[in-house]
Amino acid sequence: SFCEASDWFVLVCKFDRHIMPLSALVHSFNAYFGKFLLVQGPAGRYLPRNPSVQERFNHFSRSMVTSFDGKSFCQLCELLPNLKKLFPLLADSQKYKKQNNAAGNTTTDYEDCMIASIAQSDNTRASFSSPGAVGSGNHRLSHLLHVMFQAICSGGHPVVFVAEDLHWSDPFTVDVLGDFVQTAALCASNNLSAEQEEPKGSLLLVGSYRDNEVSADGFLVEQIKCMEQSKRNVNVTRLCVGELRYHEINRMLSFKFCLPMRHTVELSRLVHHKTRGSPIHIVEFLRSIIQRNMMSFSVKSRRWVWDDASIEIQMISEGVVELLTRKLQQFPHDVIETLKVVACFGQVSETTLKILDLGQFVPDMQETLDLAIKEGIIEKAGPIFAFSHDMLQESTYNLIPIEERKPLHKKIGFSLVQEMVGATNPELCRLAVGQINTCQDVGSILNPMERALFARLNLTAGKHSIAASSYEQARGYLEAGISLLHAKAWVKQYPLCLELHEMSVVASYMGGNVETVSSRLDVILSNAKSFDDSLNSRVLRSKFLVSQAQYAESTNELLGILSHFGEEFPKDACLAHVKSEIKATQLMLKDVTKESILDLPTMTDVRKMNAMKLMGLLIAQCNYSSPILVPLLCCRLMKLTYEFGFCEDTISGL
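Residues numbered from 1 in each chain as written. Predicted model: local features only at pLDDT ≥ 70, side-chain atom pairs only at ≥ 80, totals over all residues. Heavy atoms only, no water.

### Details of a negative patch on the surface
And step 1. Negative charge collects at one region of the surface, where Asp334, Asp364, Glu367 and Asp370 lie side by side.
And step 2. Structurally, glutamate 367 can be placed in helix α18 (residues 365–374).
And step 3. For glutamate 367, a relative accessible area of 55% puts it in the exposed group. (Patch = residues over 30% accessible without salt bridge, like charges linked within 9 Å, V, L, I, M, F, W, Y side chains within 5 Å. Areas by Shrake-Rupley, 256 points an atom, 1.4 Å probe, with all protein chains shown as cover. Salt bridge = Lys/Arg side-chain N within 4 Å of Asp/Glu carboxyl O. Lys, Arg positive; Asp, Glu negative; His and termini not counted. Charge placed at Lys NZ, Arg CZ, Asp CG, Glu CD. Helix = DSSP H or I, 4+ residues; strand = E, 2+ residues; numbered from the N terminus. Buried < 20%, exposed > 50% of the residue type's maximum accessible area, 1.4 Å probe, protein only.)

### Some remarks on the pattern of salt bridges
Side chains that differ in charge, positive against negative, can pair when their charged atoms come close.
And step 1. Evaluation of the coordinates by the stated rule reveals 18 salt bridges.
And step 2. Where glutamate 164 meets lysine 14, a salt bridge forms, and the shortest distance between an N and an O atom there is 3.7 Å. Taken together, the positions of glutamate 164 in strand β4 (residues 159–164) and lysine 14 in strand β1 (residues 9–14) put the pair 150 residues apart, joining distant regions of the chain.
And step 3. Residue glutamate 567 pairs with arginine 636 through a salt bridge whose shortest N-O separation is 3.0 Å. Of the two residues, glutamate 567 sits in the loop between α28 (551–564) and α29 (575–588) while arginine 636 sits in helix α32 (residues 629–644), which places them 69 residues apart along the sequence. Both residues of the pair, glutamate 567 and arginine 636, belong to the buried class.

### A short note on the sheet that holds strand β9 (residues 378–381)
And step 1. A sheet is described by the order of its strands in space; here three strands give the open sequence β8-β10-β9, paired in antiparallel fashion. Each edge of the sheet is formed by a strand with only one pairing partner; in this case those strands are β8 (347–349) and β9. The average undirected angle you get between the axes of adjacent strands in this sheet is 25°.
And step 2. Where β8 and strand β10 (residues 384–387) come together, three bridges link them in antiparallel fashion. (Pairing = 2+ DSSP bridges. Axes fitted to C-alpha atoms, helices over the stretch in contact; angles between N-to-C directions.)

### What about the nonpolar core?
And step 1. Counting residues in hydrophobic clusters, the biggest one holds 74 residues, and the most contacted among them are Ile377, Ile412, Leu416 and Phe454.
And step 2. The dominant element in this core, judged by the number of residues it contributes, is helix α25 (residues 494–511), at 11 residues.
And step 3. Among the nonpolar cores identified, the runner-up in size contains 48 residues, and Phe60, Phe149, Ile224 and Ala468 belong to it. (Core = buried A, V, L, I, M, F, W, Y, C linked by side-chain atoms within 4.5 Å.)

### Here we look at the packing of aromatic side chains
And step 1. The full count for this structure, using the stated rule, is 11 aromatic pairs.
And step 2. Between phenylalanine 29 and phenylalanine 161, the aromatic rings sit 5.9 Å apart at their centres with planes inclined by 55°, giving tilted as the arrangement. Of the two residues, phenylalanine 29 sits in helix α1 (residues 21–34) while phenylalanine 161 sits in strand β4, which places them 132 residues apart along the sequence.
And step 3. On the accessibility criterion, phenylalanine 29 (1% relative accessible area) is buried.
And step 4. Taken together through their ring pairs, the aromatic side chains of Phe29, Phe149, Phe161 and Phe180 make up a single cluster.
And step 5. Here the guanidinium or amino end of arginine 303 rests over the ring plane of tryptophan 306, the centre of that ring lying 5.7 Å away. (Phe/Tyr/Trp six-rings, centres within 6.5 Å; stacked < 30°, edge-to-face > 60°. Lys NZ or Arg CZ within 6 Å of the ring centre and 35° of its normal.)

### Here we look at helix α3 (residues 70–79)
Each α-helix winds once per 3.6 residues, and so residues spaced three or four apart point in a common direction.
And step 1. Counting buried residues along α3, eight of its 10 residues qualify, which places the element largely inside the surrounding structure.
And step 2. For α3, the complete set of buried residues consists of Gly70, Ser72, Phe73, Cys74, Gln75, Leu76, Cys77 and Leu79.

### Comments concerning the pairing of β4
And step 1. Strand direction decides the pairing type here: β1 and β4, joined by six bridges, are parallel. Residue leucine 11 lies in a different strand from β4, and its bridge partner there is phenylalanine 161.
And step 2. Inspection of the sheet shows β4 paired to strand β5 (residues 203–207) by five bridges, in the parallel sense. Within β5, the residue paired with valine 160 across the bridge is leucine 204.

### Topic: the environment of proline 158
And step 1. Tracing the backbone through its elements, the reader meets proline 158 in the loop between α8 (136–153) and β4.
And step 2. Looking at proline 158, the relative accessible area reads 17%, which means it is buried.
And step 3. For the pair proline 158 and serine 202, spaced 44 residues apart in sequence, the C-alpha separation works out to 4.6 Å.

### So, unusual backbone geometry
And step 1. If you check the backbone angles, aspartate 165 has positive phi at about 55° while not being a glycine.
And step 2. Checked against the element boundaries, aspartate 165 lands in the loop between β4 and α9 (171–191).
And step 3. Notably, alanine 549 is not glycine yet its phi reads approximately 65°, a positive angle.
And step 4. Position of alanine 549 relative to the elements: it lies in the loop between α27 (535–547) and α28.

### Considerations on the environment of asparagine 30
And step 1. Relative to the elements of secondary structure, asparagine 30 occurs in helix α1.
And step 2. For asparagine 30, a relative accessible area of 17% puts it in the buried group.
And step 3. Separated by 19 residues in sequence, asparagine 30 and leucine 11 have C-alpha atoms that sit 9.7 Å apart.
And step 4. Look past the residues within four positions of asparagine 30 in its chain and what remains in contact with it is Leu80, Pro81, Asn82 and Leu83. (Contact = heavy atoms within 4.5 Å.)

### Quick look at the side chain of serine 230
And step 1. Along the chain, serine 230 turns up in the loop between α10 (219–228) and α11 (246–257).
And step 2. With relative accessibility at 18%, the residue serine 230 sits in the buried group.
And step 3. Within the structure, the side chain of serine 230 is placed 3.1 Å from the side chain of glutamine 182, a separation counted as a polar contact. (Polar contact = N/O pair within 3.5 Å; in protein donor to acceptor, adjacent residues only side chain to side chain.)

### Some remarks on the sheet that holds β1
And step 1. As summarised here, the arrangement of the three strands in space is β1-β4-β5, forming an open sheet in which the pairing is parallel. Edge strands, defined here as strands with exactly one partner in the open sheet, are β1 and β5. The average angle at which neighbouring strand axes cross in this sheet is 10°, direction not considered.
And step 2. The strands touched by α1 within the sheet are β1 and β4, with β1 carrying the most contacts at an inclination of about 150°.

### Here we look at the packing of α25 against α27
Any two packed helices are characterised by how steeply their axes cross, that is the angle between the axes, and by the distance between the axes.
And step 1. Axis separation between α25 and α27 bottoms out at 11 Å; the angle between their running directions is 20°. When the axes of α25 and α27 are compared, the pair comes out roughly parallel. The hand of the α25/α27 crossing is left-handed. Contacts between α25 and α27 involve Glu502, Val505, Val506 and Tyr509 from the first element and Asn536, Ser537, Leu540, Lys543, Phe544 and Ser547 from the second. (Parallel < 35°, antiparallel > 145°, perpendicular 65-115°, else oblique. Left-handed = near helix turned anticlockwise from the far one by under 90°.)

### Quick look at helix α22 (residues 448–467)
And step 1. Between the first and last C-alpha of α22 there are 29 Å, a value that for 20 residues agrees with the 28 Å anticipated at 1.5 Å per step.
And step 2. Two or three places before methionine 449, at the opening of α22, asparagine 447 has a side-chain oxygen 3.1 Å from that residue's backbone nitrogen. (Expected span 1.5 Å × (residues − 1).)

### Some thoughts on the confidence of the model for the chain
And step 1. Counting all residues, the mean pLDDT for the chain is 78, and 83% of those residues have values of 70 or more.
And step 2. When pLDDT is averaged over each helix and strand of the chain, the minimum, 36, is found for helix α7 (residues 109–112) and the maximum, 93, for helix α24 (residues 489–492).
And step 3. For residues 93–131, every residue scores under 50 in pLDDT, and the model assigns this stretch 93 contacts once sequence neighbours within four places are set aside. (pLDDT = per-residue confidence, 0-100.)

### Some thoughts on the pairing of strand β6 (residues 295–298)
And step 1. In terms of strand pairing, β6 meets strand β7 (residues 303–306) through four bridges, oriented antiparallel. In the sheet register, serine 298 faces β7, and the bridge partner there is arginine 303.
And step 2. Hairpin geometry of β6 and β7 is characterised by an intervening segment of four residues between the two adjacent antiparallel strands and by a positive phi of about 60° at arginine 302.

Below, the structure written as structure tokens:
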């Protein structure tokens, strides 16, 4: 919630080994934007925001409106649904979106990278374009998050960002957090006025991680060093919370039991010996001996009493996981079953649990969750339920017998799929396939029809992730979908197989995974049934070759595709070809004016539009391989414009 007294924004991100780091980061921002939403009151009425929240929202909304163009904002809304709820008019009524829809264009990156199918209707607009360099998708996503965070910080209000368990993060997410710090430092310095002693709009980033899970030269440690060496106003403080020493445990027990330290000396020695000073182990150890009646509060003595010898003799040295497991086993059966379901997710939203609360898992899941929250096993942050410690999640998951884990994941996955019938819900789709993809050797629990179903769902989840610029996550879904295909998929599941491989190429290209791009392109071009089916991949291969500085090979690839569209160019172009083409074009444009060009009809022939787009791509790279082709391409663009109409690629010819 908001820290109303100090007027700070608060964002909490908890990383988890079972959840992609980017997803955890996105969930934290989505929950943050949910705080601004109007609260629904009785009888469906909406209560107004309180003045403090309204003021912050006004600052933030002005910054968002001025920071994003329409396409970038809609892309961000794919990533953050609550942002779309905050700005529905901006998300749904952008001018660019209307214009593109009127022309038949789509608004997703993965379709921007693809050539419109030759089988499309005549009024469909060509939709492939340059996807940029390998890995450009990650840079684009990082930039979107950077601009968004800049808008949050620009309102003049300090921000607290809590990032828990950073040892489960990845290099990309850590780089994004580092970028947030630099952004906040810049915003704070820009907001600092002469009258202020402290800058407004500052950021307090509180990160926690286990040093035994992080290498000394790893990406997280390197990012912390970069922050320390920053020339901007960035102050880094390290707090090491290590194992508690004997005298520290004694001081803690003395304080908690309200006893002099001399009375807790022997108990502290035992606790330190059994737990090796691990804080969570100490807490669970003390709870364990209390539950076993080895420690109790004496009404007669009016103090806590215990038998040191009994504790030392009867209590074996257990690890914290074993202690937590035994603690969990003491809960009622319904609570344990609910916790098992939550453990299969890692973190789960309230909406998802309501969908699952159908009596097929436990009679009253909400009641059992409330008890788990009361006992400190589960924490609830906004609409998100998560275990208070990842060891609790591990211990809970270990309560599921190994032979029952795959069936449970499958049951959860199909429960979510049933809710998707007749409707497209990206979040449910991702959750459903996540349950199936979690299982190793997933084919052993799915029949052929189920494998085909989840292959298609992985394709859908991959497309949604690409639309949200989450390319690494998309690649994971698409590769999982490919693994679920039939052994002879290129024969028995050809359309699905082709699309999965094509989308995997796009996600890998945008995410910078060069090896996957190359291998998948080879597979597609080896198995495509026709030239048209391989068209998307051929264009992507030409862009991939350019990214590898293989300009001549890329030029030859594009010239071959243009030949398929009926646009031939001489293999050994010379000045004579150029002079002839320019002379013919000059004759064609003899009496042409600016107004006559603008009055040309819009091009509708899909094949010619694709050819125009390809020639535009070729012009951009010919300077590196065959400069003599540039005038030939420009002249051909103008010729096609006069024969078939005006399109956006006419500009390249002009």
